[in-house]
Amino acid sequence: MRNLIPILTALGALLLIWQLAVAPMNIRGALDIAERGGAQITPEGSVPRRDVSVWRLMAENSSYVARGYALDRPRLPTPAQVSLELWKTTGAMVMKGRAWSKRSLIYHGWVTLQSTLWGFLLGTSLGVLGAIAIVYSRTAQLSLMPWAIISQTIPIVALAPMIIVVSSQIGVEGRGLPKAIISAYLCYFPVLVGMVKGLRAPEPSQLDLLKTYDANGLQSFLKLRLPASLPFLFTSLKVGIAAALVGTIVGELPTGAISGLGARILIGDQFGTPLAIWSALFAAAFLAGMLVTLLDLVQRIALRQMGAQA
Amino acid sequence: MMALVLALVFWILAWACNIWLSASRWSDGWPVRLAVPLIFGITLLVLWEGLVRGLGVSPVILPPPSSVLQTFAASTETLWIDFVQTVVKGALRGFIIGMLAALVCAILIDRSVFLTRGLLPIGNFFAALPIIGVAPIMVNWFGFDWQSKAAVVVVMVFFPILVNTVEGLRASDALHRDLMRTYSASYWQTLTKLRLPAAAPFIFNGLKIATTLALIGAIVAEYFGSPTRGMGFRISTGVGSLSIDLVWAEIIVAAMVGTSVFGLMAWIERRVTFWHPSHRK
């Protein structure tokens, strides 16, 4: 809590910088529109203006600076414009009872969330299974671990367009599966690394103790290794879910997508509506924050149940 | 069918070989440590080749590795042009700018406890965001050429490096800092002789995360508009025109670049942080 005031101050400062940056970013657009409306601008014409710095433009046409804050298609929208657009595509849609309309960000966020969770589930299972194999089999450790590390240095999201085209040719309906594969690829690695560390966390003396109890392999796994690995697992799950969301959104970016937050960004780009891009970006940020906070909460509850000091 | 059977036989033999190698008494030596993953990788390629040939998978869906290699060898010129456009112009320049900006910002933030408390959580939050979504905005602001790709890379690598550096600058031992004070060391002396070296493992951690992000950013940003060259451009048009083997060739280039840059980073890290427990012999 003692961090609250510094965080709010920093956020306020960022908002202020954003608000101030709108003027120089939008001055050219504002002047073009004012000139088309018959106003006198110095220098005249948008082509000669290209060689003049934005600061001089703002100084010479100071009465039009304010127009940059109310453009329909701004280069940089104001914080107020973005929040209004976010409200119009979420809260206002709910009030009208159209929360699942194709224009509502709640609908698109839900599509993205679904793929993210499927990918997260797939990636987490792969990561946990891989970690178990690595901890228990030396062959698996020697052959899998180097490739797991190499796999993360390959920008697989570059494969996103191909995975989507190929899966549609094989006959997989919809984009859910390919998106989930991409997010699983991004999220399995932190889970794998965290779980290998976690499953190896028990000390040899503890393992020996279980041996003196005549515990078999499954028992020592369930009663010692697995509980000992939970703190590590939760930490990597938080990294993993953020990575899974990135994977889903990249999977939605290539041409042809129609639903999902990534597709909103793409459509906003194609139709030249920056407000749609910005509101989708903020919705994605909100989604990421929500998922990580949720996992953080689960982690605290689970660890407290196990008697750890939070 | 013959190819499929051969691949399966190879798989079983390689598997047995790996089990034997890792149980053998040389299993801690470097030849085995190198051979086992290599055999595993080669097995994957052989299985891929065998499955594609044996099951008659259309090369439009999944080309066999051999034809990808042929395409790779036949189009080195195109691949080189794309490499220069995406990696050298976009990713590398963006990475250097983003890295310097993040390091300078981290040192500035670190001077004030208030700023550290305020900006570190925000930076952590930003590092977890799908920042790649700013790609269309950057292309809109900076045009189609490499400048917009470098801008995306700057934004993507900035936060992981910033967060890790700030964490690292706090990592030096209070005892060591007191020692520097008894030497009456100035702020800059403490920074360069104690705190930056102590932060190096953290900084390299951030840099290693950022290398992959830089490649992803530069490639994905090209989906939103680029001159008619570049790895992302080739991938998105290659998928459209069904020249999948060229796409795979680009993936090989990306994999080689990603792995070697990561390896280079790890090598520099070992040189700089040789004193760290994880690198001691």
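What counts and how
- Residues numbered from 1 in each chain as written.
- Chains lettered and ligands numbered in written order.
- Predicted model: local features only at pLDDT ≥ 70, side-chain atom pairs only at ≥ 80, totals over all residues.
- Helix = DSSP H or I, 4+ residues; strand = E, 2+ residues; numbered from the N terminus.
- Rg over C-alpha atoms; globule rule 2.2 N^0.38 Å.
- Buried ≥ 20, exposed ≤ 12 C-beta atoms within 10 Å, placed from the backbone.
- Contact = placed C-beta atoms within 7 Å.
- pLDDT = per-residue confidence, 0-100.
- Nonpolar A, V, L, I, M, F, W, Y, C, P; charged D, E, K, R; others polar.
- Core = buried A, V, L, I, M, F, W, Y, C linked by C-beta atoms within 7 Å.
- Domains from an automatic or database assignment.
- Axes fitted to C-alpha atoms, helices over the stretch in contact; angles between N-to-C directions.
- Parallel < 35°, antiparallel > 145°, perpendicular 65-115°, else oblique.
- Left-handed = near helix turned anticlockwise from the far one by under 90°.
- Expected span 1.5 Å × (residues − 1).
- Bend = angle between axes of the 7 residues up to and from the residue.

A. Spatial organisation of the overall build of chain A. Summing up its helical and strand segments, chain A has 13 helices and zero strands in all. Over its C-alpha trace chain A gives a radius of gyration of 26 Å, far above what one expects of a compact globule, namely 19 Å for 310 residues. With respect to the principal axes defined by its C-alpha atoms, chain A has extents near 90 × 55 × 45 Å. Sorting the 310 residues of chain A into buried and exposed places 38% on the buried side. Sequence separation of at least 24 residues holds for 73% of the intrachain contacts in chain A that already meet a minimum separation of 6.

B. Highlighting the overall build of chain B. Helix and strand counts for chain B come out as eleven helices and zero strands. In chain B, the order of α-helices and β-strands from amino to carboxyl end is α-α-α-α-α-α-α-α-α-α-α. Since a compact globule built from 281 residues should have a radius of gyration of about 19 Å, the 24 Å found for chain B marks it as more spread out than a globular shape. For chain B, the spread of C-alpha atoms along the principal axes amounts to about 75 × 60 × 30 Å. Considering only residue pairs separated by 6 or more positions, chain B has 75% of its internal contacts joining residues 24 or more positions apart.

C. Structural detail: the confidence of the model for chain B. Taken as a whole, chain B shows an average pLDDT of 85; of its residues, 99% reach a score of 70 or greater. Among the prediction metrics, the complex's ipTM stands at 0.80, with pTM recorded as 0.84.

D. Seen up close, the interface of chain A and chain B. Each partner contributes residues to the interface: chain A has 43 residues there, and chain B has 47 residues. The set of elements that each furnish at least two residues to the side of chain A that touches chain B consists of helix H1 (4–36), helix H7 (138–153), helix H8 (160–170), helix H11 (217–252), helix H12 (261–270) and helix H13 (274–305) of chain A. Class assignment for the residues of the side of chain A that touches chain B results in 32 nonpolar, eight polar and three charged.

E. View of helix H6 (residues 135–142) of chain B. Residues of H6 of chain B that are buried: Ala 135, Pro 136, Ile 137, Met 138 and Val 139 of chain B. The positive-phi residue at the C-terminal boundary of H6 of chain B is Gly 143 of chain B, with phi of around 85°.

F. Representation of the nonpolar core. Formed by 128 residues in total, the largest nonpolar core has its most connected members in Val 153, Val 157 and Ala 214 of chain B. The element that contributes the greatest number of residues to this core is helix H9 (residues 187–221) of chain B, accounting for 17 residues. If we ignore the near neighbours within four places in the chain, the residues touching Ala 214 of chain B are Ala 91, Gly 94, Phe 95, Val 153, Met 156 and Val 157 of chain B. The next biggest cluster of nonpolar side chains, apart from the first, holds five residues, and it includes Ile 27, Leu 31, Leu 57 and Leu 71 of chain A.

G. A look at the domain arrangement of chain B. Assigned domains within chain B: domain 1 (2–57) and domain 2 (72–279). Spacing between the C-alpha centres of domain 1 of chain B and domain 2 of chain B amounts to 35 Å.

H. Spotlight on the environment of Trp 248 of chain B. Residues and elements named next belong to chain B. Locating Trp 248 in the fold gives a position in helix H11 (residues 244–272). Spatially, the C-alpha atom of Trp 248 lies 6.4 Å from that of Val 68, the residues being 180 residues apart in sequence. The residues touching Trp 248, leaving out its near neighbours within four places in the chain, are Pro 63 and Val 68.

I. Inspection of the packing of helix H6 (residues 105–136) of chain A against H12 of chain A at higher detail. Residues and elements named next belong to chain A. Look at H6 against H12: their axes get within 7 Å of each other, and the N-to-C directions meet at 125°. Judged by the angle between their axes, H6 and H12 are oblique. Residues His 108, Gly 109 and Thr 112 of H6 pack against Leu 261, Gly 262, Ala 263 and Arg 264 of H12.

J. Looking closely at the environment of Trp 87 of chain A. In this fold, Trp 87 of chain A is placed in helix H4 (residues 79–89). Among the residues examined, Trp 87 of chain A registers 13 C-beta atoms within 10 Å and is labelled partly exposed.

K. Fine view of the packing of H6 of chain A against H13 of chain A. Residue and element names in this part refer to chain A. For the pair H6 and H13, interaxial distance at closest approach is 11 Å and the crossing angle is 50°. When the axes of H6 and H13 are compared, the pair comes out oblique. Crossing of H6 over H13 shows right-handed handedness. Facing Leu 105, Gly 109, Thr 112 and Leu 113 of H6, the residues of H13 in contact are Ser 279, Ala 280, Ala 283 and Leu 287. A per-class count over the contact of H6 with H13 returns five nonpolar, three polar and no charged.

L. Representation of H11 of chain A in the model. Helix length check: H11 of chain A, at 36 residues, gives a terminal C-alpha distance of 43 Å against a target of 52 Å (1.5 Å per residue), a shortfall beyond 12%. Maximum bend of H11 of chain A: about 45°, positioned at Leu 230 of chain A, with proline Pro 231 of chain A one to four residues after it.

M. Expanded view of the environment of Ala 135 of chain B. Residues and elements named next belong to chain B. Inspection of the secondary structure puts Ala 135 in helix H6. Separated by 114 residues in sequence, Ala 135 and Leu 21 place their C-alpha atoms 47 Å apart. For Ala 135, the contacting residues outside a window of four places in its chain are Val 152, Val 220, Ala 221 and Phe 224.

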